[in-house]
Every structure is written in C-alpha cells, then in structure tokens.
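Each chain is listed here by its residues.
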Amino acid sequence: MEFPFDLSPVLGDRVCVVDQHLRPAGRPGAAYRGDLEQRLRTVIDELGRASAKAQGLPAPVTSAARMETNRHVLYILRGEGRGTPKSAVIGFIKVGYKKLFLLDRSGAHIEAEPLCVLDFYIHESLQRHGYGLELFQHMLQSERVEPRRLAVDRPSEKLLAFLRKHYGLADAIPQVNNFVIFEGFFSNRPAPPRRPPPKRQEEEIKPYSLSDREFLREDQEPPWPFNLTPGRAGGSPVRGSLRPFLLRRDAPDGRTEGRTEGRTDPPLQRRARSGLNFYSRFLFWGWGQLTFLNWCLYPPTSTAPSRRAGH
C-alpha cells in the first residue's frame, strides 16, 4: 500500500512500533512534528480500512482514534528495497493484553490475561513472500512471548493456516467467545484455586438452654409477712437467693435452727416444727395488729373527777 509522502520520517525503522501516544519517528521541529502526526494517523486509518475489507468486516477494528483510547501496540512493516518503494507499507499487526475467561480441555473456567492478536494484515500483492513471518517473528521477540501463549481474536482462515504452517498451532481449544487458543496455552500455568465446599447452613441459636433457664429462674417468694425468717431480729424478710448464705442462730439446747450442715431431722418433724412456728408468728402478729387498731379507735379516757371552779 503506497502513500503520496515519504514514510521514513513518519515510521522510521523498517518495523515501526506505535502505542496509544501516536508518536512519529522523526522529530525535527514542533511545526513539522504536527504534520508527521497527521500523516501517521492517515497511515493507521488506511491500514485499518484495508484489513477490514480483506476480512469482510463491516467496520475497521484498527484506527487512530481506537489506538488513543486503548493500550494496544501496533507493529507496522514498511517497504525498504527488495522490490517495494520506500513510500509503501507492507502490513501491520496489532496486539494487546486482555482479561478473558477461557475454557480448558476439561471445561473448567479459567481467568487469564494473555497477549492477544487483535488484527493482522499483509497487503494482497505482497503475500506469500515471507513478510508476514518476518513481522510476526519481530512481534514475538519484542513482546517476549511464545506462539502457543497467544489468544487470537476472530482469526480468518488464512491466519489459521499461517499459524499451523509456521508454528504448528493446529489443535485449537473451543471457546465460547470470539477468541481462539491452542494446545499448550495452559501448560506450566498455576492450577486454578479450588472452591471450598459450601458451608452448612447454621442452625438457629437458642437464647438459653434448659439448664441455663433453671439457673436464671428466681425462686418465687410469698408476700410479707409470710416470708419472715425465724430467728432474725425484727423479723425482716429475706429473699430466697440469700437464704443459703445466712447463718441461723443457735437454739437454747445447742442445736442450730433451720438448714445446717449435717442435719438428720426426719422430714415430718421438720415440717411440723415449721408449721407451728408459722402459726405462732401469725397469731402474734394478728394480736398486735388488733391491739393497735383497738387503741386507735377507742383511746383510753381519764376516770379521775374534775374539779369545778370555785370549789
């Protein structure tokens, strides 16, 4: 493909490497550099349109605008003797890294970010002259990658035949996307991490167990004065939770009232004693209440005769 201007200051060496910055090879001056950038854009756009036409694509996948918005690398091979004028471009190859979800032979999904061949074109009049192999080999050496590690985006039949002839890439691994990878792509790669087994569904956690509930349950106490403890001064009520820690006074015969360590009284005798103590306290308390009420209703009056005035 020939252009109406000299490509030496635009592309420089025989194989020109262009990234997203679109910098031309020659930089003689600011004004002249702007002209070179415009020529470089023209070369890239024309190569993209020629590649799309050769592959039967509805729109080009390579253009100067696309190069500025993606981190792709463009290798352009220009004519330099051998029957090609200096103002002619032989072809180009565009590569870039992409994050892909690929399938191996067993059908397992593997996430990878390989170097991808995104576009490859050699002019029709210069094919089968070794230019494609020269350009492809230069790209492999610059990127330091093996051919079996590449992923090819929508390869044509000509490209598949080229890879099979020069690099022995014939056994392709089917993918669900438009990319094609070959046998050996996953060799010497770390195995994908195995997924841990699913966790069992946790059961509902009960707030308290039966033993905890029995421990936390507080003893029910009768109302005053039925909760009076015998032997305590003033007959003050005592909560059930404090009863085991209270000392009982000793009886006149030297025995300890209430619950003491080592007690051997029969159950019937203890029940009878507790019943008598309860009724005696109740009768004493009732007699006191009636006496106080009688005194309030009928206060005592004086029986001494009063003296009259003047006597």
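> Teacher, can you tell me more about the overall build of the chain here?
Of the regular secondary structure elements, the chain holds seven helices and nine strands. Residues classed as buried in the chain amount to 32% of the 311 residues present. Taking the contacts inside the chain whose residues are at least 6 apart along the sequence as the reference set, 58% of them involve residues at least 24 apart. For the chain, the exposed surface amounts to about 22,400 Å²; the carbon and sulfur share of it is 54%.

> Whenever I open this one, the environment of Gly132 confuses me. Can you help?
If you trace the backbone, Gly132 turns up in helix 4 (residues 131-143). Placed 30 residues apart in sequence, Gly132 and Phe162 show a C-alpha to C-alpha distance of 8.7 Å. In contact with Gly132, other than residues within four places in its own chain, are Phe120, Ile122 and Phe162.

> What is the right way to look at unusual backbone geometry in this model?
Note: most peptide bonds trans; most residues except glycine with negative phi. Despite not being glycine, Arg128 shows a phi value in the positive range, around 60 degrees. Its location among the elements puts Arg128 in the loop between strand 6 (115-122) and helix 4. Residue Arg128 is classed as exposed on the basis of its relative accessible area of 84%. The phi dihedral of Arg144 is positive, around 55 degrees, even though this residue is not glycine. Tracing the backbone shows Arg144 in the loop between helix 4 and strand 7 (151-153).

> I'm lost on the nonpolar core in this one. Help?
The nonpolar side chains of a soluble globular protein tend to be buried, and buried together. Counting 26 residues, the largest nonpolar core has Ile93, Phe120, Phe136, Met139 and Leu163 as the members making the most contacts within it. Broken down by secondary-structure element, the contributors of at least two residues to this core are strand 2 (73-78), strand 3 (89-97), strand 6, helix 4, helix 5 (157-167) and strand 9 (179-182). The element that contributes the greatest number of residues to this core is helix 4, accounting for five residues. Listed in part, the 22 residues of the second largest apolar core include Phe3, Val18, Ala50 and Phe92.

> Where do I start with the packing of aromatic side chains in this structure?
Centre-to-centre distance and the angle between the planes together describe a pair of aromatic rings. As enumerated under the stated definition, the model contains eight aromatic pairs in all. Geometrically, the ring pair formed by Phe92 and Tyr121 is tilted, given 6.3 Å between the ring centres and 50 degrees between the ring planes. Placement of Phe92 in strand 3 and of Tyr121 in strand 6 is noted, with a sequence separation of 29 residues between them. Classification of Phe92 as buried rests on a relative accessible area of 0%. Classification of Tyr121 by relative accessible area gives buried; the value is 6%. Here the aromatic cluster, defined as three or more aromatic residues joined through ring pairs, consists of Phe120, Phe136, Phe162 and Tyr167.

> Just checking my understanding: could you explain the sheet that holds strand 3 for this structure?
Neighbouring strands of a sheet are bound in pairs by backbone hydrogen bonds; such pairs are parallel or else antiparallel. Within the open sheet, the seven strands sit side by side as 1-2-3-6-7-9-8. Their pairing is mixed. Where the open sheet ends on each side, the last strands, each with one partner, are strand 1 (15-18) and strand 8 (172-173). Sheet topology places strand 8 next to strand 9; two bridges connect them, and they run antiparallel. The partner of Ile173 across the bridge, within strand 9, is Ile181.

> What is the right way to read the side chain of Ser51 from this model?
Its location among the elements puts Ser51 in helix 2 (residues 30-55). A distance of 2.8 Å separates polar atoms of two side chains, one belonging to Ser51 and the other to Asp119. Setting aside its immediate chain neighbours within four residues, Ser51 contacts Phe92, Asp119, Phe120 and Tyr121.

> Got a minute to help me understand the pairing of strand 5 (residues 109-112) in this structure?
Regular strands place side chains that alternate from one sheet face to the opposite one. Burial of the side chains of strand 5 is restricted to one face: Ile110 and Ala112 are buried, whereas none of His109 and Glu111 on the reverse face is. Across four bridges, strand 4 (residues 100-103) lies against strand 5 in antiparallel orientation. Bridging across to strand 5, Leu103 finds its partner in His109. Linking two consecutive strands that pair antiparallel, namely strand 4 and strand 5, is a turn of five residues; a positive phi of about 90 degrees is found at Gly107 within it.

> I keep staring at the confidence of the model for the chain and nothing clicks. Help me out?
Low pLDDT means the predicted atomic positions in that stretch should not be read closely. Per-residue pLDDT for the chain has a mean of 76; in total, 62% of the residues score no lower than 70. Counting contacts from residues 236-251, a segment whose pLDDT is below 50, to residues more than four positions away or on other chains yields 30 contacts. Below pLDDT 50 for its whole length, residues 256-262 participates in 11 contacts with residues either more than four positions away or in separate chains.

> Sorry, what's going on with helix 4 here?
What sets the pattern is the α-helix's 3.6 residues per turn: residues three or four places apart point alike. In a regular helix each residue adds 1.5 Å, so 13 residues correspond to 18 Å; helix 4 covers 18 Å between its end C-alpha atoms and thus fits that length. Buried positions along helix 4 lie against strand 1, strand 2, strand 3, strand 6 and helix 5. Positive backbone phi, approximately 55 degrees, marks Arg144, located one or two places after helix 4.

> I keep staring at the layout of surface pockets and nothing clicks. Help me out?
The gaps of empty space that remain are located by a probe, the size of a water molecule, rolled over the atoms. The space that makes up the second largest pocket amounts to roughly 1,000 Å³. Every residue lining the second largest pocket is counted, 35 residues in all, and those nearest its centre are Phe120, Ser156, Lys158, Leu159 and Phe162. Of all elements in the fold, only helix 2, strand 6, helix 4, strand 7 and helix 5 reach the threshold of two or more residues within the lining of the second largest pocket. Looking at the lining of the second largest pocket residue by residue, the classes come out as 16 nonpolar, nine polar and 10 charged.

Reading the values: rules and limits
- Residues numbered from 1 in each chain as written.
- Predicted model: local features only at pLDDT ≥ 70, side-chain atom pairs only at ≥ 80, totals over all residues.
- Heavy atoms only, no water.
- Helix = DSSP H or I, 4+ residues; strand = E, 2+ residues; numbered from the N terminus.
- Buried < 20%, exposed > 50% of the residue type's maximum accessible area, 1.4 Å probe, protein only.
- Contact = heavy atoms within 4.5 Å.
- Areas by Shrake-Rupley, 256 points an atom, 1.4 Å probe, with all protein chains shown as cover.
- Core = buried A, V, L, I, M, F, W, Y, C linked by side-chain atoms within 4.5 Å.
- Phe/Tyr/Trp six-rings, centres within 6.5 Å; stacked < 30°, edge-to-face > 60°.
- Pairing = 2+ DSSP bridges.
- Polar contact = N/O pair within 3.5 Å; in protein donor to acceptor, adjacent residues only side chain to side chain.
- pLDDT = per-residue confidence, 0-100.
- Expected span 1.5 Å × (residues − 1).
- 1 Å grid on protein atoms, 1.4 Å probe; cavity = no way out; pocket = protein on both sides within 12 Å on 5 of 7 lines; lining within 4 Å.
- Points joined across faces, edges and corners; volume = space filled by probe spheres on them.
- Nonpolar A, V, L, I, M, F, W, Y, C, P; charged D, E, K, R; others polar.

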